[in-house]
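Below are the chains, spelled out letter by letter.
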Amino acid sequence: MSYRMRVPCSYQGGKQRVAAQIADHLLEAAPGSNSRFYDLCCGSAAVSIELVNRGVDPSRIWMLDISSWGAFWSAIGSGKFNMSAFDKFLSELPADKREFKAHMSSLSMLPVGDHEVELYPLLQACSFGGKQIWRNGEHWANACFRDYWEPTATSIRRSPANPMQPSPTELRRRIEALVNGMKGVTCLNMDIMTVLSTPLPCDAVVYVDPPYQNTTRYAYNFDIKSFINRFQEKNDVPLFVSEGSPLNANATMLTFGGAKGGISGIRKGKHQEWLNRF
Ligand SMILES: C[S@@+](CC[C@H](N)C(=O)[O-])C[C@H]1O[C@@H](n2cnc3c(N)ncnc32)[C@H](O)[C@@H]1O
C-alpha cells in the first residue's frame, strides 16, 4: 500500500497519537504470523488502522464497538458502505462554511433512517471538541457542532477554525482509502460483555480501550475491572488495556512526541496514556 490510512476524524479518547506504540506491543505479543487481533471499543479504529498500515491482513482483525462506530466499521469491513450515499451528503454541504453548523444541526434532527453509517462520519467530523455523537433509537443524541471562526485584529490565533475537521475533501480521501484498505475486517456492533460468552481462539491478542475513569462521559460504559476478571477466567491470551493511569505492575506509560514535547520529545502534561498488560 503506497499511502498510510488515517482515522476518519478526531474522536474523544481516540488513540491516533499513540497507535504506533500500542501496535508495537500487540505485534510483539502475537504468537504467530496468523494470529488474530481484537480491537475492543474500537471507536475511530486508530489501532486497527495502524495494524493494517503495518501489513496485517484485515481478515485477521476483529473489532467491536456498541456505538455507531461499530455499525460504520461493520459496513466498511463487509464492503456494504454506500459511497454514493456518502457523496450525496458531501455534495449537500453548504458552500459557505458559516452555514455548516446550522446545516449539520438540521441533519442531526432528522430521523436516522437508512444511512446511519454514511452520515455518521460527517456528523462526528463536525462535532464540537470531537465529543461522541450517538444514536438513540431513530434520533441522534449529543449532537453539538463547531462554528466557523475567523480571527479578529486582537486574536492570538491567526488562522480561521473550520467547522469540519478534516475538510470535506480530506474526509472523502480518508474514507475512500478505508473502504479499500479495511475491507475484510470483522466488526461487531454490540456490547463488549458478549465477548465473554465464548473463549477466544488461543492465538488471539486482545486490546481494549474503554472509556477512562473520571473523563468526559460516553453514551455507553462498562466495568473494566469486572471485564478483565471475567475475561481471564475464560481466556489465556495476551490482554492489553488502555487507561489514563497504571492498573497493574505490568503497565507502560506511552509517550506523545511532537512540537510541544520539549527536548526529550515527551510531553509533560496532566493527560497520561498507559498500556496495561494482563
Ligand atoms: C476511548 S473510546 C475508544 C477510542 C478508540 N480506541 C479510537 O482510537 O478511536 C471508548 C469506546 O468504547 C465504546 N464503548 C463504551 N462502552 C461500551 C460497551 N459496553 N460495549 C462496547 N463498546 C463500548 C464507546 O462507544 C467508545 O467508542
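In this text, all values refer to a predicted model and were calculated from it rather than measured experimentally.

Definitions and cut-offs
Residues numbered from 1 in each chain as written. Predicted model: local features only at pLDDT ≥ 70, side-chain atom pairs only at ≥ 80, totals over all residues. Heavy atoms only, no water. Phe/Tyr/Trp six-rings, centres within 6.5 Å; stacked < 30°, edge-to-face > 60°. Helix = DSSP H or I, 4+ residues; strand = E, 2+ residues; numbered from the N terminus. Buried < 20%, exposed > 50% of the residue type's maximum accessible area, 1.4 Å probe, protein only. Core = buried A, V, L, I, M, F, W, Y, C linked by side-chain atoms within 4.5 Å. Domains from an automatic or database assignment. Contact = heavy atoms within 4.5 Å. Salt bridge = Lys/Arg side-chain N within 4 Å of Asp/Glu carboxyl O. Polar contact = N/O pair within 3.5 Å; in protein donor to acceptor, adjacent residues only side chain to side chain. Nonpolar A, V, L, I, M, F, W, Y, C, P; charged D, E, K, R; others polar. Near = heavy atom within 4 Å. Areas by Shrake-Rupley, 256 points an atom, 1.4 Å probe, with all protein chains shown as cover. 1 Å grid on protein atoms, 1.4 Å probe; cavity = no way out; pocket = protein on both sides within 12 Å on 5 of 7 lines; lining within 4 Å. Sits in = over half its atoms within 2 Å of the grid points. Pairing = 2+ DSSP bridges. Axes fitted to C-alpha atoms, helices over the stretch in contact; angles between N-to-C directions. Parallel < 35°, antiparallel > 145°, perpendicular 65-115°, else oblique. Left-handed = near helix turned anticlockwise from the far one by under 90°.

Engineer: Give me the lowdown on the packing of aromatic side chains, citing residues and values where you can.
Structural biologist: One pass over the structure, following the stated rule, counts eleven aromatic pairs. Ring geometry for phenylalanine 227 versus phenylalanine 231: centroids 5.7 Å apart, planes at 35°, classification tilted. With phenylalanine 227 and phenylalanine 231 both in helix H8 (residues 224-234) and four residues apart, the pair spans about one turn of that helix. With a relative accessible area of 0%, phenylalanine 227 lands in the buried category. Here the aromatic cluster, defined as three or more aromatic residues joined through ring pairs, consists of Tyr11, Trp69, Phe72, Trp73, Phe81, Phe86, Tyr120, Trp140 and Tyr218.

Engineer: Any details on the nonpolar core? Residues and values, ideally.
Structural biologist: Membership of the largest hydrophobic core comes to 63 residues, with the highest contact counts inside it found for Leu26, Trp73, Phe81, Leu122 and Met182. Residues from two domains meet in this core; each of domain 1 (19-67 + 183-277) and domain 2 (83-180) gives at least three. Each residue touching phenylalanine 81, except ones within four places of it in the same chain, is listed here: Phe72, Ala75, Ile76, Phe86, Val117, Glu118, Ile175 and Val179. Of all hydrophobic cores here, the second largest spans 19 residues; its members include Leu196, Phe222, Ile224 and Phe227.

Engineer: Could you give an account of helix H6 (residues 116-125), naming the residues involved and the relevant values?
Structural biologist: Within H6, ten of the ten residues are buried, which leaves the element mostly enclosed by the surrounding structure. Of the residues making up H6, those classed as buried are Glu116, Val117, Glu118, Leu119, Tyr120, Pro121, Leu122, Leu123, Gln124 and Ala125. At its buried positions, H6 is contacted by helix H3 (68-78), helix H4 (83-91), helix H5 (100-109), strand E3 (134-136), strand E4 (139-141) and helix H7 (168-181).

Engineer: Any chance you could break down the domain arrangement of the protein chain for me, citing the residues and the numbers?
Structural biologist: For the protein chain, the assigned domains are domain 1 (19-67 + 183-277) and domain 2 (83-180). With seven residues of domain 1 in contact, the opposing surface of domain 2 contributes seven residues. For the pair domain 1 and domain 2, the number of links is zero salt bridges. Along the contact surface separating domain 1 from domain 2 lie one residue pair in polar contact (both at pLDDT 80 or more). Counted by class, the side of domain 1 that touches domain 2 contains four nonpolar, two polar and one charged residues.

Engineer: Go over the site of the ligand, please, and point to the residues and values.
Structural biologist: Contacts to the ligand come from 25 residues, most closely from Tyr11, Lys15, Ser44, Asp65 and Asp209. Within the backbone of isoleucine 66, an N or O atom sits 3.3 Å from a nitrogen atom of the ligand. Between the ligand and asparagine 221, the relevant distance is 3.3 Å, taken from a nitrogen atom to a main-chain nitrogen or oxygen of the residue. About the coverage of the ligand: the protein hides 99% of its 600 Å² of free accessible area. A majority-of-atoms criterion places the ligand in the largest pocket. A breakdown of the residues in the shell around the ligand according to their chemical character gives 14 nonpolar, seven polar and four charged.

Engineer: Help me get a handle on the pairing of strand E7 (residues 239-243), residues and values and all.
Structural biologist: In terms of burial, E7 is largely enclosed, as five of its five residues are buried. Residues of E7 alternate between two faces, with Leu239, Val241 and Glu243 on one and Phe240 and Ser242 on the opposite face, all of them buried. As paired strands, strand E6 (residues 204-208) and E7 are joined by three bridges and run parallel to one another. Bridge pairing in E7 places tyrosine 207 opposite phenylalanine 240. As judged from the four bridges shared by E7 and strand E9 (residues 274-277), these two strands associate in the antiparallel manner. Opposite serine 242, over in E9, you have leucine 275 as the bridge partner.

Engineer: Quick one: what's the story with the packing of H4 against H7, residue by residue and with numbers?
Structural biologist: Between H4 and H7, the least distance of the axes is 11 Å, while the angle of their chain directions is 175°. By the angle class used here, H4 and H7 are roughly antiparallel. Taken together, the residues of H7 that come into contact with H4 (itself represented by Met83, Phe86, Asp87 and Leu90) are Pro168, Leu171, Arg172, Ile175, Glu176 and Val179. Each residue belonging to the contact of H4 with H7 can be placed in one class, and the counts come to seven nonpolar, no polar and three charged.

Engineer: Give a detailed account of the packing of H4 against H6, specifying residues and quantitative values.
Structural biologist: Interaxial distance between H4 and H6 falls to 8 Å at its minimum, and their mutual angle equals 40°. If you check the angle between H4 and H6, you find them oblique. The interaxial crossing formed by H4 with H6 has right-handed handedness. Touching Ala85, Phe86, Phe89 and Leu90 of H4 are Glu118, Leu119, Pro121 and Leu122, all from H6.

Engineer: Help me get a handle on the sheet that holds strand E5 (residues 186-188), residues and values and all.
Structural biologist: Spatial ordering of the open sheet is given by E5-E2-E1-E6-E7-E9-E8, a layout of seven strands whose pairing is mixed. Each edge of the open sheet is held by one strand with a lone partner, namely E5 and strand E8 (251-253). The sheet shows a mean angle of 20° between the axes of neighbouring strands, taken without regard to direction. Of the strand pairs in this sheet, strand E2 (residues 61-64) and E5 are connected by three bridges, and their pairing is parallel. Among the inter-strand pairings, leucine 64 is bridged to a residue of E5, identified as leucine 188. Those strands touched by helix H2 (residues 46-53) are strand E1 (36-40), E2 and E6, and its axis lies near 165° from that of E2.

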